[in-house]
Amino acid sequence: MAVTVENFIKLANFYNQMAKTMSAICVSKGGIPIENYVGRFFAADVLEFVVEYGERLLKSTKGVEKDVVSVMEMFKKQLAGVHEWVTPSQKPIYEMSLEEFERAMNI
């Protein structure tokens, strides 16, 4: 996939739609907090990917519009708030011991 503004917008729209769906799921399951929803880990990983894609876009493309840059900054702030939910990148899950996995998943 070429690093383009159009692809970033598609990724951002996917993340936003997923976040809305997760919120609706939490409401339909009795109003559970999003921090207790099992899908939060996937959402955090997707958000991390979107932020990284945005950073690569800024490095490779000149003249990115200000509104796109402001969306990138908003995603960075969101990621800072949920960074403890992202899958650790130092060791893949399938190589973790049960104790490491439970610690990573905050179980």
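Overview of the environment of Ser-60
The topology assignment puts Ser-60 in helix α2 (residues 40-60). The spatial distance from the C-alpha of Ser-60 to the C-alpha of Thr-4 is 8.9 Å, given a sequence separation of 56 residues. Of note is the side chain of Ser-60, whose polar atom sits 3.5 Å from the side chain of Thr-61.

Quick look at the packing of helix α1 (residues 5-28) against α2
Interaxial distance between α1 and α2 falls to 10 Å at its minimum, and their mutual angle equals 160°. For the element pair α1 / α2, the angle class is roughly antiparallel. At the point where α1 passes α2, the crossing takes the left-handed sense. Of the residues in α2, those in contact with Val-5, Asn-7, Phe-8, Leu-11, Phe-14, Tyr-15, Met-18 and Met-22 of α1 are Arg-40, Phe-42, Ala-43, Val-46, Leu-47, Phe-49, Val-50, Tyr-53, Gly-54 and Leu-57.

Thoughts on α1
Over its 24 residues, α1 runs 35 Å from end to end, which matches the ideal 34 Å to within 8%, given 1.5 Å per residue. If you check which residues of α1 are buried, you get Asn-7, Phe-8, Leu-11, Ala-12, Tyr-15, Met-18, Met-22 and Cys-26. In this structure, the buried side of α1 is in contact with α2 and α3 (66-82). One or two positions beyond α1, positive phi appears at Gly-30, with a value near 100°.

Thoughts on the packing of α2 against α3
The contact between α2 and α3 brings their axes to 9 Å, and the two run at 140°. Classed by the angle they form, the pair α2 and α3 counts as oblique. α2 and α3 meet at a crossing whose hand is left-handed. Within the contact between the two elements, α2 uses Ala-44, Leu-47, Glu-48, Val-50, Val-51, Gly-54, Glu-55, Leu-57 and Leu-58 and α3 uses Val-69, Met-72, Phe-75, Lys-76, Gln-78, Leu-79 and Val-82. Looking at the contact of α2 with α3, its residues break down into 11 nonpolar, 2 polar and 3 charged.

Thresholds, definitions, all that
- Residues numbered from 1 in each chain as written.
- Predicted model: local features only at pLDDT ≥ 70, side-chain atom pairs only at ≥ 80, totals over all residues.
- Heavy atoms only, no water.
- Helix = DSSP H or I, 4+ residues; strand = E, 2+ residues; numbered from the N terminus.
- Polar contact = N/O pair within 3.5 Å; in protein donor to acceptor, adjacent residues only side chain to side chain.
- Axes fitted to C-alpha atoms, helices over the stretch in contact; angles between N-to-C directions.
- Parallel < 35°, antiparallel > 145°, perpendicular 65-115°, else oblique.
- Left-handed = near helix turned anticlockwise from the far one by under 90°.
- Contact = heavy atoms within 4.5 Å.
- Expected span 1.5 Å × (residues − 1).
- Buried < 20%, exposed > 50% of the residue type's maximum accessible area, 1.4 Å probe, protein only.
- Nonpolar A, V, L, I, M, F, W, Y, C, P; charged D, E, K, R; others polar.

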